[in-house]
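# A closer look at the structure
Single-letter residue listing:
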Amino acid sequence: MKLLVVGGGGREHAIIKKLKENKEIETIYALPGNGGMAGDAICTGIGAKDIPAMVDFAVREGIDFAVVAPDDPLVLGAVDALEEAGIPCFGPNKKAAMLEGSKVFAKNLMKKYGIPTAAYEVFDDMGAALAYLQTAPLPAVIKADGLALGKGVMIAETRADAENAVRSMMADKIFGESGSHIVIEEFLEGPEVSVLSFTDGKTLVPMISSMDHKRAKDGDKGLNTGGMGTVAPNPYYTAEVAERCMRETFLPTINAMNKEGRTFKGCLYFGLMITKDGPKVIEYNCRFGDPETQVVLPLLESDLFTIMQAVQQERLSEVPVTFKNECACCVVMASDGYPQKYETGFPLTIPASLPHGAEVFVAGAKLQNGQLVTAGGRVLGVTATAPDLKTAIHNAYEATEAIHFANAYKRTDIGQRALAAGKED
Ligand code: AMP
Ligand code: GLY
């Protein structure tokens, strides 16, 4: 079997490593991949958004199955194009990817089908948005409609900040056309939980829950990033919360998508906030989370390729999806200065084996004359699994000590909040 994995970050590296456990798979191509995963996949160098080149490549190489991981190609219709060319894919088609591609669509869907989420208003006129802000409750959460590299959300504490946020999105277009329509929503409070799920549109199987650490600095301070680390499971996702989410959110979402003629097949990611009124949806993603995948997949006991094929063939109910009864922690090593200005091009050496059997998932690195060098803000993630969270955290941090590159930066408190929450129970 020849597989194609679209994408080039740590999430894709984790997907590729897990897929490789299936012995039927002979070759995996990554599109574009990165130099740090060159030992696990053949990197093509084709951009993940270049759909015509992607289809040409897949047809030419006789790809048997494709996994489209990032949001951009999904929202642009990569799955539709590959399937039209006869290549079975894991991932939602363009109509279903709208769940992440448009926040207005997602919010209206939740309202129509009674799925718990923050109260909101939609605006496509700046005057109306500014007028609304005169009396809107504070803090106000302002979101650009479309994909904005995960940055299209602003939380304003004051009316002046809220007005500036609206102007920057709608007039200055800091997120491009994404800001032509905006959502202004109620500020929710409570711990956040990420739940990734497999669904074929009929059956939905949640994966083990996880907790992201989005802020750049310790103590959840500093700027929002793509994610500085993760742990799984998330202690706030109790059996009671899980049962409620399944009943009030997960199944209603796939049923709503079916009713709208947008059957969702692939990995559906629920970004949840556990408020005092129960779990509410903060966001949907139409794909695996990054760096959630780097803790979730190492705990998956079942065969990932078997599950992905079953999703594509709409027979998910027939295959086992089980997780180890263990914990995982992923610590991201970034270039100092990320998510703003940072330097790259520093040599990076990854030992063949790390302490405690920890795994490395490379995100921002490239090969230069045979030497791996840093090439991005988030360079890599180091994941350790262990029977308990405290050991997983300890082992992941110890494993990071074996990896060196100039200007490396990591948070020192990944998992501490989860550890403290777990002790309260
Ligand atoms: P998103 O890009 O939608 O994941 O949002 C980024 C972050 O903004 C989330 O992880 C939350 O921490 C925060 N956020 C988004 N919406 C809300 C809300 N309605 N209330 C409070 N925080 C929010
Ligand atoms: N870690 C959050 C995301 O993948 O959107």
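Bear in mind that the values here come from a model prediction, so they are computed numbers and not experimental data.

### Things to note about the overall build of the chain
Secondary structure summary: the chain contains 13 helices and 23 strands in total. A compact globule built from 425 residues would reach a C-alpha radius of gyration of about 22 Å, and the chain, at 21 Å, matches this within 12%. Taken along its principal axes, the extent of the C-alpha atoms in the chain is 60 × 45 × 45 Å. Relative to all contacts within the chain whose residues are 6 or more apart in sequence, the contacts with residues 24 or more apart total 68%. For the chain, the exposed area adds up to about 17,300 Å²; of that, 50% sits on carbon and sulfur atoms. Counting 42 positive and 54 negative side-chain charges, the chain places the averaged centre of each group 2 Å from the other.

### A word on the site of ligand 2
In the vicinity of ligand 2, the residues found are Asp 212, Gly 226, Tyr 269, Asn 285, Arg 287, Gly 289, Asp 290 and Glu 292. Note that a nitrogen atom of ligand 2 is positioned 2.8 Å from one of the side-chain N or O atoms of Asp 212. A distance of 2.9 Å separates an oxygen atom of ligand 2 from a polar side-chain atom of Arg 287. When the free accessible area of ligand 2 is taken as 200 Å², the share hidden by the protein chains comes to 89%. The residue makeup of the shell around ligand 2, split by class, is one nonpolar, three polar and four charged.

### Examining the pairing of strand E1 (residues 2–7)
For E1, the buried fraction is high: five of the six residues fall into the buried class. Pairing of E1 with strand E2 (residues 27–32) involves six bridges; the strand directions are parallel. Looking at the pairing, Val 5 lines up with Ala 30 of E2. Crossover handedness for the path E1 to helix H1 (residues 10–19) to E2: right-handed. Here E1 runs beside strand E4 (residues 65–68); their pairing, made up of four bridges, is parallel. Paired with Val 5 across the bridge in E4 is Val 67.

Criteria and thresholds
- Along each chain, residue indices are assigned from 1 in the same order as the chain's sequence is written.
- As they are written, the chains are lettered A onward and the ligands numbered 1 onward, keeping that order.
- With pLDDT at 70 or above as the cut-off, local features in this predicted model cover only qualifying residues; side-chain atom pairs require 80 or more to be listed or tallied, and sums for whole chains, interfaces and linings still use all residues.
- No hydrogens and no water enter the side-chain calculation; it runs on all heavy atoms of the structure.
- Strands here mean DSSP runs of E at least two residues long; helices mean DSSP runs of H or I at least four residues long; both are numbered from the N terminus.
- The globule rule is 2.2 Å times the number of residues to the power 0.38, and the radius of gyration it is compared with is taken over C-alpha atoms.
- Contact criterion: two residues are considered in contact whenever any of their non-hydrogen atoms come within 4.5 Å of each other.
- Reported accessibility uses the Shrake-Rupley method at a 1.4 Å probe radius. Residues are deemed covered only where the shown protein chains occlude them.
- Positive residues here are Lys and Arg, negative ones are Asp and Glu, while His and the chain termini are left out of the count.
- Where a charge lies is defined by one atom per residue type, namely NZ (Lys), CZ (Arg), CG (Asp) and CD (Glu).
- We call a residue near a molecule or strand as soon as one heavy atom of that residue lies within 4 Å of the molecule or strand.
- Under the rule applied, a polar contact is a pair of N or O atoms within 3.5 Å (in protein, one hydrogen donor and one hydrogen acceptor; residues adjacent in sequence only if both atoms are side-chain atoms).
- By the convention adopted, Pro, Cys, Tyr, Trp, Phe, Met, Ile, Leu, Val and Ala count as nonpolar, Lys, Arg, Asp and Glu as charged, and the other residues, Gly among them, as polar.
- Note on classification: 1.4 Å probe, protein chains only; a residue is buried when its accessible area is under 20% of the maximum for its type, exposed when over 50%, partly exposed between these limits.
- A pair of strands is considered paired only if DSSP assigns at least 2 bridges between the two.
- Orient the strands so they point away from the viewer, and a crossover whose first-strand-to-second-strand path over the helix runs clockwise is right-handed.

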